[in-house]
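One-letter residues, chain by chain:
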Amino acid sequence: MSIRFKVILPYLLLTLIVAITGAYVVTKLVTDSLSERLNNQLLEAGRLVSDGFVSREFQHIDNARIIIFTRGVAEALREADRITLNKLVLPTASGVGIENLFIVNLQGQEMFHLLEADGTLLNVTKPAREYPLEFIQPLLENKNPDALPTRTIEKDPDNSRWYYFTAIPFTASDELAGEEMIGAVVIGTSIDTLMPILKNTSLADVIIYAEDGQAVASSLQAQGEDAAIFLRTLSIPVATYQELAAADKLVSGENITLGERSYSLARGKLQIGDNLLGVFAVVLSSDYVVQAGATNRNLYVVIFSFAMVVVVLLGFIIARRIIDPLSSLVQTSQAIAGGDLTRRTGIQSRDEIGRLASSFDEMTVNLQQRTEELERANKILEQMDRTKVSFIHISAHELRTPLTLIQGYTYILQQMAKKDSELETISKGLMDGFYRMEEVVNSMLDVSKIDSKTLEISPADTKLSFIITKAKKPFESALKERHLKLTIDGLDKLPTIKADAELLHKVFYHVIMNAIKYTPDGGKIAVQGKTIETDSGPAEVEISVHDTGIGIAKENQDIVFEKFYQTGEVLMHSSGKTKFKGGGPGLGLAIARGIVEAHGGRIWLESPGYDEKTNPGTTVYVRLPVNGHTS
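Keep in mind it's a predicted model, so treat the numbers as computed, not measured.

A. Inspection of the packing of helix 13 (residues 501-517) against helix 14 (residues 588-598) at higher detail. It is at 9 Å that the axes of helix 13 and helix 14 come closest, and there the two elements cross at 145°. Between helix 13 and helix 14 the crossing geometry is left-handed. For the pair helix 13 and helix 14, the contacting residues are Leu 503, Leu 504, Lys 506, Val 507, His 510, Val 511 and Asn 514 in the first and Gly 588, Leu 589, Ile 591, Ala 592, Ile 595 and Val 596 in the second.

The following block contains the structure:
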């Protein structure tokens, strides 16, 4: 990407962000305002629906009282005179516009039942039927003439249509007992009759739900769909019905889609007095909210897009004024990055870019000087490293000849000292010193081969259990002397691997010796082995050597495998190689790493840290490929 676009891009992005944010915020404010109005209207519609049912109940109670106080009706009910009831009640019920009327006696027996059909009230009384509507049973059993009205939404047993019923006690005066209850009057209004009234009153569509969540009536139009099927699509789960029935207020915010129109609805429980009639919903079209939001969004997108184009043009003009010196600066930096430290910008202006170019040129001069100094220092370090490697190699070779002589004369001395115990002790000490010196020289030679990459391995079928047992053997007396417990587990189950047995012996010899040296007397060392299946290649074997020693500090765990590194203060180390914190040249782990890596494996360690009081311990892991070095 060119500098020009890098200069323009911030303006472009900033403008784009401002445009999108502005359009979103303004549109959201408008839409939120409309949505709030919609929610408020839903809540108001819900209140009006509840008020509509209450108003209808008042009308039911008035009509029931008219029936009760009609002369002769009470006497006809006492005497179970259905003919007189029909003669007295039918004209009155027709006059006040009753759709459904039940009169029952105290035993719940249906004494009189009027039902409207095609605008005409018909007597559909079934004398043998008891408790035609279940909700009146508690009212009759109570026999309280002063009982409050009860109500329900229920199907009529004769025409299976849903009605809103209100029941009140049928009371009559008795000269001896006074006011007494002799039955009940139930007045009902069809839900189909109520729906248009509720819609006109609340200015919203209304849905009524029964106890099972089934929609039993709705003022929404099915639009060619069967009414029963349409009502099933509006139904709600029983769990939702129960939650709404337990709620104390109208629950709004749900959106539904019917046909191609979107609606917002609010649901709440329909309760009058202590009677839960069911659940209802009020529904309003949400199209006007969506349309208004889209209109505002499009308008503000156009406005902010125009502003964005203007800002881009201004950014382009500004970029042209600074592009040339910046291009020169870029070309100079690329030349310097390519190694040409003699290159300079040549910019002489006094503005910010000029000061930047001047600072850049000065930095280049300093960089050139430092680079030349570093190159000289690097050559010196390389020469010193080569000298160190040569010194180690030459020293190891030069020490072999006098060591051979010492070994020979010491052997002769041992033969001569068999009858002199004091001289035998001296010769044994000389031989131990020879072996110790030989081990150091051999380690120096191994390090020299590893550094010069001349270490050769001769892979053959190798059992790690034999190698580790062999590596453990030289330390048995030291383990016994220092009361250290070394356990080996899982090695017999390891597969045979392709490796140089002699070199691996050196690896585990040094690793076990290190564990012994840095574990206090009475500690434990555990050697364990297991096979690991890898995702990208053949199986590997892993040997872990865990000790209960003093541990290694976190900051030193990456350098313990370097040559000549030793834990703690070197001057505080013991002279014995198997003593606690015993001395040594610090080559063991460096040799182990070189040999393991030459086999295509890896070696690492883990330790919580260094502490000579708590002895957190160290675990060294050696992982080797089963089939040898595959690289």
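Having seen the model, we can carry on.
B. Seen up close, the sheet that holds strand 17 (residues 602-606). Strand order in the open sheet formed by five strands is 13-15-16-18-17, and the pairing between neighbours is mixed. Across the chains shown, the open sheet's two edge strands, defined by having one partner strand only, are strand 13 (485-489) and strand 17. Shown here is a sheet whose adjacent strand axes are inclined to one another by a mean of 15°, direction ignored. Sitting on the sheet, helix 13 touches strand 13, strand 15 (524-532), strand 16 (540-547), strand 17 and strand 18 (618-625), and the angle it makes with strand 16 is about 25°. Lying over the sheet, helix 14 contacts strand 17 and strand 18, oriented at roughly 135° with respect to strand 17.

C. Expanded view of helix 6 (residues 227-234). Those residues of helix 6 that fall on the buried side of the exposure criterion are Phe 230, Leu 231 and Leu 234. All buried residues of helix 6 project into a common sector of 100° when viewed along the axis, lining one side.

D. Geometry of unusual backbone geometry. For Asp 118, which is not a glycine, the phi torsion comes out positive at approximately 55°. Structurally, the position occupied by Asp 118 is in the loop between strand 2 (110-117) and strand 3 (120-123). You can call Asp 118 exposed: its relative accessible area is 83%. One non-glycine residue, Tyr 131, lies in positive phi territory at about 45°. Take Tyr 131: it is sitting in the loop between strand 3 and helix 4 (137-142).

E. Up close: the sheet that holds strand 5 (residues 162-174). As summarised here, the arrangement of the six strands in space is 3-2-1-6-5-4, forming an open sheet in which the pairing is antiparallel. Here the strands that pair on one side only, and so sit at the sheet edges, are strand 3 and strand 4 (150-155). Between one strand axis and the next, the sheet turns through 25° on average, direction left out of account. With six bridges joining them, strand 4 and strand 5 adopt antiparallel strand pairing. Bridging across to strand 5, Thr 150 finds its partner in Ala 167. Relative to strand 2, helix 3 (residues 82-96) is tilted by about 35°, and along the sheet it contacts strand 1 (100-105), strand 2 and strand 3. Each of strand 4, strand 5 and strand 6 (178-190) is contacted by helix 5 (residues 191-202), which is oriented at about 70° to strand 6, the strand it contacts most.

F. A look at the packing of helix 11 (residues 464-472) against helix 13. Between helix 11 and helix 13, the least distance of the axes is 9 Å, while the angle of their chain directions is 50°. Judged on the interaxial angle alone, helix 13 and helix 11 are oblique. Relative to helix 13, the crossing made by helix 11 is right-handed. Here Leu 464, Ile 467, Ile 468, Lys 470, Ala 471 and Lys 472 of helix 11 lie close against helix 13, whose contacting residues are Ala 501, Leu 504, His 505, Phe 508, Tyr 509 and Ile 512. Partitioned by chemical class, the residues of the contact of helix 11 with helix 13 number nine nonpolar, one polar and two charged.

G. The arrangement of the pattern of salt bridges in detail. Within the structure shown, the criterion is met by 16 salt bridges. Of the charged contacts in the structure, one is a salt bridge between Arg 78 and Glu 180, with a shortest N-O distance of 3.1 Å. A residue pair is termed long-range when its members are at least 10 positions apart, and Arg 78 in helix 2 (residues 73-78) and Glu 180 in strand 6 qualify at 102 residues. According to the relative accessible area criterion, Glu 180 is partly exposed, its value standing at 25%. One salt bridge in this structure joins Asp 192 and Arg 161, with 3.6 Å as the shortest N-O distance. Taken together, the residues span a long stretch of sequence, with Asp 192 in helix 5 and Arg 161 in the loop between strand 4 and strand 5 at a distance of 31 residues. Here the salt bridges share partners, and the residues they tie into one network are Glu 110, Lys 126, Arg 129 and Asp 158.

H. Representation of the packing of aromatic side chains within the structure. Summed over all chains, the structure comprises five aromatic pairs. Ring geometry for Phe 102 against Phe 165: centres 6.2 Å apart, planes inclined by 65°, an arrangement best described as edge-to-face. Residue Phe 102 is located in strand 1, and its partner Phe 165 is located in strand 5; the two are separated by 63 residues in the primary sequence. Since its relative accessible area comes to 1%, Phe 102 is described here as buried. In this structure Phe 165 comes out as buried when scored by relative accessible area, which is 0%. Among the aromatic residues, those joined into a cluster by ring pairs are Phe 102, Tyr 163 and Phe 165.

I. Highlighting the confidence of the model for the chain. Per-residue confidence for the chain gives a mean pLDDT of 81, with 82% of residues at or over 70. Contacts for the low-pLDDT stretch residues 570-574, under 50 throughout, to residues beyond four places or in other chains number 12 contacts.

J. A nonpolar patch on the surface, seen in detail. Taken together, the side chains of Leu 405, Tyr 409, Tyr 411, Ile 412 and Met 416 present a nonpolar region at the surface, about 610 Å² in accessible area. On the secondary structure map, Tyr 409 appears in helix 9 (residues 352-416).

K. A look at the side chain of Asp 156. Here Asp 156 lies in the loop between strand 4 and strand 5. Although Asp 156 is buried, it forms no salt bridge, and the closest oppositely charged side chain is Arg 129 at an N-O distance of 6.0 Å. Residue contacts for Asp 156: discarding those within four places in its chain leaves Asn 100, Phe 102, His 113, Leu 115, Arg 161, Tyr 163 and Phe 165.

What counts and how
Residues numbered from 1 in each chain as written. Predicted model: local features only at pLDDT ≥ 70, side-chain atom pairs only at ≥ 80, totals over all residues. Heavy atoms only, no water. Axes fitted to C-alpha atoms, helices over the stretch in contact; angles between N-to-C directions. Helix = DSSP H or I, 4+ residues; strand = E, 2+ residues; numbered from the N terminus. Left-handed = near helix turned anticlockwise from the far one by under 90°. Contact = heavy atoms within 4.5 Å. Pairing = 2+ DSSP bridges. Buried < 20%, exposed > 50% of the residue type's maximum accessible area, 1.4 Å probe, protein only. Arc of directions from axis to C-beta. Parallel < 35°, antiparallel > 145°, perpendicular 65-115°, else oblique. Nonpolar A, V, L, I, M, F, W, Y, C, P; charged D, E, K, R; others polar. Salt bridge = Lys/Arg side-chain N within 4 Å of Asp/Glu carboxyl O. Phe/Tyr/Trp six-rings, centres within 6.5 Å; stacked < 30°, edge-to-face > 60°. pLDDT = per-residue confidence, 0-100. Patch = residues over 30% accessible without salt bridge, like charges linked within 9 Å, V, L, I, M, F, W, Y side chains within 5 Å. Areas by Shrake-Rupley, 256 points an atom, 1.4 Å probe, with all protein chains shown as cover. Lys, Arg positive; Asp, Glu negative; His and termini not counted.

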